[in-house]
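# Secondary and tertiary structure notes
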Amino acid sequence: MERVTGQGHSALRRGRRSIPGATYLVTTVVRGRERLFEDANLAQGVCALHALPQTFLDATVLAWVLMPDHWHGLVQLGQRPLFRVVQTFKSLSARRVQAMRALCGPVWQASFHDRAVRNETELLAALH
């Protein structure tokens, strides 16, 4: 496992492990906390990606919500590491937003927050 020191985005990776079959509560935030998804067309464009199997590689998204400035998802991993699953979602959704806005540049902040869901009680709390 990569050892990460420091603060900010690198601190989010400290101790991160991807366990196949494990479920994680993931949060990723729009760059600058812009309320990008108040635009219903942009929100619908990103929501439509959830139906495409390639969006989350071999992971299963058990539940998700797209908020005006961030996304939460309960992600059950397949064999691919969590960072790769999130990276793929962020990349595909950023391309979709950029195409719809005819703009380029980052859509999401550089990192994401995750927390392993350890039992059914935590899973139900996260779903709620």
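Overview of the structure. (Residues numbered from 1 in each chain as written. Predicted model: local features only at pLDDT ≥ 70, side-chain atom pairs only at ≥ 80, totals over all residues. Heavy atoms only, no water.)

This part covers the environment of Asn119. Its place among the elements puts Asn119 in the loop between β4 (113-117) and α4 (120-127). For Asn119, a relative accessible area of 39% corresponds to the partly exposed category. Only 2.9 Å separates the side chain of Asn119 from the backbone nitrogen of Glu122, close enough to count as a polar contact. (Helix = DSSP H or I, 4+ residues; strand = E, 2+ residues; numbered from the N terminus. Buried < 20%, exposed > 50% of the residue type's maximum accessible area, 1.4 Å probe, protein only. Polar contact = N/O pair within 3.5 Å; in protein donor to acceptor, adjacent residues only side chain to side chain.)

Before going further, it helps to examine the packing of aromatic side chains. The final tally for this structure, using the stated rule, is 5 aromatic pairs. Centroid distance Trp71 to Phe89: 4.7 Å. Interplanar angle 35 degrees. Geometry classified as tilted. In this pair, Trp71 is assigned in strand β3 (residues 70-76) and Phe89 in helix α3 (residues 82-101), connecting sequence segments 18 residues apart. Residue Trp71 is classed as buried on the basis of its relative accessible area, which comes to 1%. Ring geometry for Phe89 and Trp108: centres 6.0 Å apart, planes at 45 degrees, overall tilted. Residue Phe89 is found in helix α3, and its partner Trp108 is found in the loop between α3 and β4; the two are separated by 19 residues along the sequence. (Phe/Tyr/Trp six-rings, centres within 6.5 Å; stacked < 30°, edge-to-face > 60°.)

In short, geometric facts, not functional conclusions.
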